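Residue-level structural notes
As a plain string of letters, each chain reads:
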Amino acid sequence: MKIYFATGNQNKVNEANIILKGLEGYELEHLKIPYAEIQGTLEEVSKVGVKEIYNKIKKPVIVEDSGFFIESLNGFPGTYSKYVQETLGNEKILKLLKDEENRKAYFKTIIGYFDGIDLKLFRGEIFGSVSKEIKTSGFGFAYDSIFIPEGQNKTFAEMTTKEKSDISHRKLAFYKFKSYLESKVK
Ligand SMILES: O=c1nc[nH]c2c1ncn2[C@H]1C[C@H](O)[C@@H](COP(=O)(O)OP(=O)(O)OP(=O)(O)O)O1
Ligand SMILES: [Mg+2]
């Protein structure tokens, strides 16, 4: 059965395909149509967004809303992560944290699924810290070059997409989604 993934972000699709590898009975198809991202929590954006897309295509669909939350900045950029990445960027985020001891941060992902009957949300989070400088080996995207997952000594952007997808917030959320789909097939 085909499930449509409505996103404008190819990186998310690439990572989702790695995480869902081996899932039987379902195929994820990238749908490049935008949806209104209301001002609200990741959960609210996903709930409203997935219903909007379902009403357009009347087929099983997922959306994914993610955010990067920095503890010493009271959770900023959080639900504004996209806008802040595009307007400030990682250099300026590091400037905001220049003399800050508390480097704690986390990524959070919410996947919203709707098939006309079941509306489900799947959450993934990964905790870690903001690096003191931009560190990349050319992998990843957006905040990856300034985020070091707990227990690691590399940023997400220094890890291959496969290494990142073994531990990321997206891995946790899609893994829960995969378990839900497998339970439906039985
Ligand atoms: O794994 C990640 N590693 C680093 N940064 C990330 C990640 N996941 C999301 N992000 C960034 C991208 C965007 O700047 C913001 C989320 O915005 P978000 O609306 O979820 O993504 P998007 O607008 O790029 O795609 P979509 O069309 O699915 O809404 O945080
Ligand atoms: Mg977005």
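About the thresholds
- Residues numbered from 1 in each chain as written.
- Chains lettered and ligands numbered in written order.
- Predicted model: local features only at pLDDT ≥ 70, side-chain atom pairs only at ≥ 80, totals over all residues.
- Heavy atoms only, no water.
- Near = heavy atom within 4 Å.
- Polar contact = N/O pair within 3.5 Å; in protein donor to acceptor, adjacent residues only side chain to side chain.
- Areas by Shrake-Rupley, 256 points an atom, 1.4 Å probe, with all protein chains shown as cover.
- Salt bridge = Lys/Arg side-chain N within 4 Å of Asp/Glu carboxyl O.
- Helix = DSSP H or I, 4+ residues; strand = E, 2+ residues; numbered from the N terminus.
- Buried < 20%, exposed > 50% of the residue type's maximum accessible area, 1.4 Å probe, protein only.
- Core = buried A, V, L, I, M, F, W, Y, C linked by side-chain atoms within 4.5 Å.
- Contact = heavy atoms within 4.5 Å.
- Phe/Tyr/Trp six-rings, centres within 6.5 Å; stacked < 30°, edge-to-face > 60°.
- Lys NZ or Arg CZ within 6 Å of the ring centre and 35° of its normal.
- UniProt positions renumbered as here; feature names shortened; annotations may be inferred.

Here's the deal with the site of ligand 1
Residues in close proximity to ligand 1 total 20 residues, the closest being Thr7, Gly8, Lys12, Asp144 and Lys164. Between ligand 1 and lysine 82 there is a distance of 2.9 Å, counted from an oxygen atom to a side-chain nitrogen or oxygen. Here a nitrogen atom of ligand 1 sits 3.3 Å away from a polar atom, N or O, in the main chain of tyrosine 143. With the chains in place, 94% of the 600 Å² that ligand 1 exposes on its own is no longer accessible.

Side note on the pattern of salt bridges
Taken as a whole and judged by the stated rule, the model has 14 salt bridges. Linking lysine 164 and glutamate 15 is a salt bridge whose minimum nitrogen-to-oxygen distance equals 2.9 Å. Residue lysine 164 is located in helix H5 (residues 161–167), and its partner glutamate 15 is located in helix H1 (residues 10–19); the two are separated by 149 residues in the primary sequence. When its relative accessible area of 2% is taken as the criterion, glutamate 15 is described as buried. We note a salt bridge from lysine 164 to aspartate 144, for which the minimum N-O separation is 2.8 Å. Separated by 20 residues along the polypeptide, lysine 164 in helix H5 and aspartate 144 in the loop between strand S6 (119–130) and strand S7 (147–149) bring together distant segments of the chain. Owing to a relative accessible area of 2%, aspartate 144 belongs among the buried residues under this scheme. One salt-bridge network, in which partners are shared between bridges, spans Lys12, Glu15, Glu64, Asp144, Lys164 and Arg170.

Side note on the nonpolar core
Membership of the largest hydrophobic core comes to 17 residues, with the highest contact counts inside it found for Ile3, Ile62, Ile111, Tyr113, Phe174, Phe177 and Leu181. Listed by contribution, the elements that provide at least two residues to this core are strand S1 (2–6), H1, strand S5 (104–114) and helix H6 (169–185). Core analysis: the next-biggest nonpolar cluster, separate from the first, contains 15 residues, Ile70, Leu94, Leu97 and Phe107 among them.

Remarks on helix H4 (residues 89–96)
Considered for burial, the residues of H4 that qualify are Gly89, Asn90, Ile93 and Leu94. Elements in contact with the buried residues of H4: strand S3 (61–70), helix H3 (81–87) and S6.

So, the packing of aromatic side chains
The final tally for this structure, using the stated rule, is 15 aromatic pairs. Here the aromatic rings of phenylalanine 122 and phenylalanine 177 are separated by 5.4 Å at their centres, their planes lie at 55 degrees, and the arrangement is tilted. Of this pair, phenylalanine 122 sits in strand S6 while phenylalanine 177 is found in helix H6, placing the two residues 55 residues apart along the sequence. Ring centres of phenylalanine 147 and phenylalanine 156 lie 5.4 Å apart, and the angle between their planes is 50 degrees; on these two criteria the pair is classed as tilted. For phenylalanine 147, a relative accessible area of 0% translates into the label buried. Pairwise contacts between aromatic rings join Phe5, Tyr113, Phe122, Phe174, Phe177 and Tyr180 into one cluster. For lysine 164, the ring lying beneath its charged end belongs to phenylalanine 156, and the centroid distance is 5.2 Å.

Examining the UniProt feature "active site" (unreviewed entry) in the protein
According to UniProt, the "active site" (unreviewed entry) feature falls on Asp65. Following the sequence through the fold, aspartate 65 ends up in strand S3. For aspartate 65, the contacting residues outside a window of four places in its chain are Lys12, Glu37, Leu42, Val45, Ser46, Lys108, Thr109 and Ile110.

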